[in-house]
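Coordinate analysis (summary)
Spelled out, the chains give:
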Amino acid sequence: MQDSYNNPSSNWYSWFNKSLIVRALETIQDFIVVSLCIGLFSVMAIQLRALFISLLPPLNFKAVTSDILFLLILVELFRLLIIYLQEQRVSIGVAVEVSIVSALREVIVRGVLETPWSQILSACAYLLVMGALLIIRVWIPPTFSGIDPERRQQKAKSQTFELANSKHSES
């Protein structure tokens, strides 16, 4: 009896390994995100086809603008999912950018003159808050140690700029 108590493989709670469960759930979550990426890529391809068809005469400016903005929203959502897969976090900047483009798309598609003033005022307030959030996120510390994609992008851009300047100064 004492032997079975000391043997961890015979206990039911030895099967309850937290790290194994967390890894399995993260794998399932990654599979879901990859499935979303594939589905979003398919929707982007269909939307791109519709965009090219809408460019045929007679040209409907509102429809073309709406299709282009919708395609930009899909690209930003795809980028958000890719960042999530790479870093296991949601990028605040990309999420805010998607929100801004979505709000602007709705205003442009409906038309500023046809939209009630209260909705335009609400959209302006919303855009101001989103813009403030974009500015404030610079001072928000990264959620995880070592992960700060905005700083990494700035560093990559500055290295590219320095490389271009060094090639220009050599010639």
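If you're wondering where the values come from, they're calculated on a predicted model, not measured in any experiment. Residue indices begin from 1 for each chain and proceed along its sequence in written order. Only residues with pLDDT of at least 70 are given local features in this predicted model, and only at 80 or more are side-chain atom pairs given and counted; all residues enter the totals for whole chains, interfaces and linings. Here the side-chain values reflect all heavy atoms present in the structure, with hydrogen atoms and water set aside.

Focus on the nonpolar core
In this text, buried Ala, Val, Leu, Ile, Met, Phe, Trp, Tyr and Cys residues form a nonpolar core when linked through side-chain atoms within 4.5 Å. Accessibility here uses a 1.4 Å probe with only protein chains present; expressed as a share of the type maximum, an area under 20% marks a residue as buried, one over 50% as exposed, and anything in between as partly exposed. Within the largest apolar cluster, ten residues are counted, these being Val33, Cys37, Leu40, Met44, Leu51, Val64, Leu71, Leu74, Leu81 and Tyr84. Elements supplying a minimum of two residues to this core: helix H2 (18–54) and helix H3 (61–87). Beyond its immediate chain neighbours, meaning those up to four positions away, Leu71 contacts Met44, Gln47, Leu48 and Leu51. Counting five residues, the second largest nonpolar core, distinct from the first, contains Leu80, Ile83, Val94 and Val98. We count a stretch as a helix when DSSP gives it H or I for four or more residues in a row; a strand needs E for two or more, and each element gets its number in order from the N terminus. Here a residue-residue contact requires only that any non-hydrogen atoms of the pair lie within 4.5 Å.

Quick word on H2
Because an α-helix completes one turn every 3.6 residues, residues spaced three or four positions apart along the sequence face the same direction. The length a helix should cover is 1.5 Å for every residue beyond the first. Its 37 residues place the ends of H2 53 Å apart at the C-alpha level, agreeing with the 54 Å of an ideal helix rising 1.5 Å per residue. Every buried residue of H2 is listed here: Val33, Cys37, Leu40, Met44, Gln47, Leu51 and Ser54. Elements in contact with the buried residues of H2: H3.

Remarks on the packing of H3 against helix H4 (residues 92–110)
Axis lines are fitted to C-alpha atoms, over the contacting stretch for helices. Their N-to-C directions set the angle, which ranges from 0 to 180 degrees. Packing of H3 against H4 brings their axes to within 10 Å, and their N-to-C directions diverge by 170 degrees. Put simply, H3 runs roughly antiparallel to H4. As for the relative orientation of H3 and H4, their crossing is left-handed in sense. Contacts from Lys62, Thr65, Ser66, Leu69, Phe70, Ile73, Glu76, Leu77, Arg79, Leu80 and Ile83 in H3 reach Val94, Ala95, Glu97, Val98, Val101, Ser102, Arg105, Ile108, Val109 and Arg110 in H4. Should an angle fall under 35 degrees it is taken as roughly parallel, and over 145 as roughly antiparallel, whereas 65 to 115 is taken as roughly perpendicular and any remaining angle as oblique. Note on convention: the crossing is left-handed when the near helix lies turned anticlockwise from the far helix by less than a right angle, right-handed when the turn is clockwise.

Read these as spatial facts, not as claims about activity.
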